[in-house]
Amino acid sequence: MNVKKYTVTGENLFGLEEFDTGDTGGLNSSDDVKKMMKDNIVEIAKLQDRLYAEGKTGLLIIFQAMDAAGKDSAIKHVMSGVNPQGVEVVSFKQPSTEELSHDYLWRAAKALPPRGKIAIFNRSYYEDVLVVKVHKLYENMNLPDRCKGKNIIEKRYAQIRNFEDYLWENGIVTVKFFLHLSRETQLKRFLERIDNKDKNWKFSDADVRERKYWDDYQEAYRSAIEATASKNNPWYVIPADKKWYTRAVISNVLLSVMKKLNPRYPIVTKEQEEALAESKKKLENPE
Ligand code: AMP
Ligand code: MG
């Protein structure tokens, strides 16, 4: 699968309408990707093991999307093979009082992956240029007036770009997924959440309220992606109307990113080899 057509690196102006939410890359059903997904999951797990052993690079994976785009299930499926010791999933909800008393990157900085590990952000600091922009939440924030001007969102784009560049230059690689859903599919999934008792817990009144701002959110996403996509820290715009295809593309992107990182097991030196042989001898022939 060629993931290039889903990759946004910020060289050009960016429009979401060029990305088809219903794209399935010419495939017909989940059966067509079953084998590939299975192989990818095994490969990702192998690379994660090496990433952990090498302990040089941290991998930050961000998932952003409208509600019901399939973030949770994508995370569950794609990461199903990895060693839980090397991965942390963090969900970003409405900020707490403590979080609001800090700068907006604070809670994200606390959750960044150390070298060798993967952190998955289910939503992220991008909410601070999405929901915060759509509802102008900054107007009521306890900030000095000089920080609340109309260009606060533009400034945040620059801060986020700088933050991700800083991470890149310090060995933390950021991969950003936008699960691109159609309005119709969102409606269908909301109705399923209401009709299916086991899914009721996933639905909230707020979902109906936010849906009214669909166009504003699309524009907020478009402009945030355009402003923060770069060669080192690209965005991946993933078709989200068919969950099986969403997961397949995500697993391919992750695999290609991790292959590029090319983590290696630490090389064993001659001295270490000798020490290992010595240990083996002692274990086999205790005094
Ligand atoms: P969910 O992911 O469906 O559990 O919903 C989490 C909610 O928290 C979403 O409606 C987000 O928009 C909201 N949220 C996350 N981060 C922020 C933030 N920085 N400011 C305001 N709302 C946020
Ligand atoms: Mg939700």
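This write-up is about the structure you can find in this document. Please read all numbers here as calculations on a predicted model, not as lab measurements. Within any chain, residue numbers begin from 1 and follow the written order of that chain's sequence. Chain letters and ligand numbers both follow the written order, the letters beginning at A and the numbers at 1. For a predicted model such as this one, the threshold for reporting local features is a pLDDT of at least 70, and the threshold for listing and counting side-chain atom pairs is 80 or more; totals across whole chains, interfaces and linings nevertheless cover every residue. Excluded from the side-chain calculations are hydrogens and water; all other atoms, namely the structure's heavy atoms, are used.

### As for the site of ligand 1
- In the neighbourhood of ligand 1, the contacting residues comprise Asp 67, Phe 92, Lys 93, Gln 94, Pro 95, Arg 107, Arg 123, Glu 127, Asp 128, Val 131, Val 132 and Leu 137.
- Measuring from a nitrogen atom of ligand 1, one finds a side-chain N or O atom of Arg 107 at 3.1 Å.
- Between ligand 1 and Asp 128, the relevant distance is 3.1 Å, taken from a nitrogen atom to a side-chain nitrogen or oxygen of the residue.
- Calculation on ligand 1 without its partners gives an accessible area of 500 Å², and the protein chains cover 77% of this total.
- Assessed atom by atom at 2 Å from the grid points, ligand 1 resides in the largest pocket. By convention in this text, a residue qualifies as near a molecule or strand provided that one of its non-hydrogen atoms is within 4 Å of it. The definition of a polar contact used here is a pair of N or O atoms within 3.5 Å, where within protein one atom must be able to donate a hydrogen and the other to accept one, and adjacent residues in sequence count solely through side-chain atom pairs. Accessibility throughout is a Shrake-Rupley quantity obtained with a 1.4 Å probe, and a residue counts as covered only by protein chains that appear here. Cavities and pockets are defined on a 1 Å grid built over the protein atoms alone: a cavity is a set of grid points where a 1.4 Å probe fits but cannot escape, while a pocket is an open set with protein on both sides within 12 Å along at least five of seven lines, and lining residues are those with an atom within 4 Å of any such point. In this scheme, a molecule is assigned to a cavity or pocket if more than half of its atoms are within 2 Å of the grid points.

### Describing the packing of helix 1 (residues 34–54) against helix 10 (residues 243–261)
- Relative orientation of the contacting elements helix 1 and helix 10 amounts to 35 degrees, with a least axis distance of 9 Å. Along this stretch, helix 1 crosses helix 10, giving a crossing that reads as left-handed. Judged by residue contacts, Met 36, Met 37, Asn 40, Glu 43, Ile 44, Leu 47, Gln 48 and Leu 51 of helix 1 engage Arg 247, Ala 248, Ser 251, Asn 252, Leu 254, Leu 255, Met 258, Lys 259 and Leu 261 from helix 10.
- Classification used: nonpolar for Ala, Val, Leu, Ile, Met, Phe, Trp, Tyr, Cys and Pro, charged for Asp, Glu, Lys and Arg, polar for all others including Gly. The residue inventory of the contact of helix 1 with helix 10, partitioned by class, reads 10 nonpolar, 4 polar and 3 charged. Only C-alpha atoms enter the line fits that serve as axes; for helices the fit covers just the stretch in contact. Angles between N-to-C directions range over 0 to 180 degrees. Labels follow the DSSP assignment, with helices taken as runs of H or I lasting at least four residues and strands as runs of E lasting at least two, numbered in each case from the N terminus. With the far helix as reference, a near helix turned anticlockwise by less than a right angle produces a left-handed crossing, and one turned clockwise produces a right-handed crossing. Any two residues whose heavy atoms approach within 4.5 Å at even a single point are treated as in contact.

### Things to note about the layout of surface pockets
- A volume near 1500 Å³ is recorded for the largest pocket.
- Taken together, the elements giving at least two residues each to the lining of the largest pocket come down to helix 2 (71–78), helix 5 (131–134), helix 7 (183–195), helix 8 (205–211) and helix 9 (214–228).
- Split into classes, the residues belonging to the lining of the largest pocket amount to 17 nonpolar, 9 polar and 22 charged.
- Together, 23 residues line the second largest pocket, and His 102, Asp 103, Tyr 104, Leu 143 and Arg 156 are the ones closest to its centre.
- Where the lining of the second largest pocket is concerned, the elements lending two or more residues are helix 3 (97–100), helix 4 (106–110) and helix 6 (152–169). Grid points are joined across faces, edges and corners, and a volume is the space filled by probe spheres set on the points.

### Some details on the packing of helix 2 against helix 10
- Packing of helix 2 against helix 10 brings their axes to within 10 Å, and their N-to-C directions diverge by 55 degrees. By the angle between their axes, helix 2 is oblique relative to helix 10. Crossing of helix 2 against helix 10: the hand is right-handed. Of helix 10, the residues touching helix 2 (which contributes Ser 73, Ala 74, His 77 and Val 78) are Lys 243, Arg 247, Ile 250, Ser 251 and Leu 254.
- By residue class, the composition of the contact of helix 2 with helix 10 is 4 nonpolar, 3 polar and 2 charged. By the definition adopted for this analysis, an angle is roughly parallel if under 35 degrees, roughly antiparallel if over 145, roughly perpendicular if from 65 to 115, and oblique otherwise.

### So, the packing of aromatic side chains
- Stacked, tilted and edge-to-face are the three classes applied to pairs of Phe, Tyr and Trp rings, where Trp contributes its six-membered ring and a pair requires centres within 6.5 Å; stacked means planes under 30 degrees apart, edge-to-face means over 60, and tilted covers the rest. Summed over the entire model, instances satisfying the criterion amount to 11 aromatic pairs.
- Members of the aromatic cluster, each reached through a chain of ring pairs, are Tyr 125, Tyr 126, Phe 163 and Trp 235.
- One Lys or Arg, Arg 156, reaches over the ring of Tyr 104 and ends 4.2 Å from the middle of that ring. When the NZ atom of lysine or the CZ atom of arginine is within 6 Å of a ring's centre and also within 35 degrees of its normal, the charge is said to sit over that ring.

### Points about the environment of Val 173
- Looking at the secondary structure, you find Val 173 in strand 5 (residues 172–180).
- Working definition: with a 1.4 Å probe on protein chains only, accessible area under 20% of the residue-type maximum means buried, over 50% means exposed, and in between means partly exposed. Overall, the relative accessible area of 9% leaves Val 173 in the buried class.
- Separated by 82 residues in sequence, Val 173 and Ser 91 have C-alpha atoms that sit 19 Å apart.
- Leave out the neighbours within four places in its chain, and Val 173 touches Thr 57, Gly 58, Leu 59, Leu 60, Trp 168 and Leu 261.

### Let's talk about empty space enclosed by the protein
- Under the definition given, this model contains 1 cavity of 30 Å³ or more.
- The computed volume of the largest cavity comes to approximately 30 Å³.
- Every residue lining the largest cavity is listed: Gln 48, Asp 49, Tyr 52, Asn 83, Gln 85 and Gly 86.
- Classifying every residue of the lining of the largest cavity gives 1 nonpolar, 4 polar and 1 charged.

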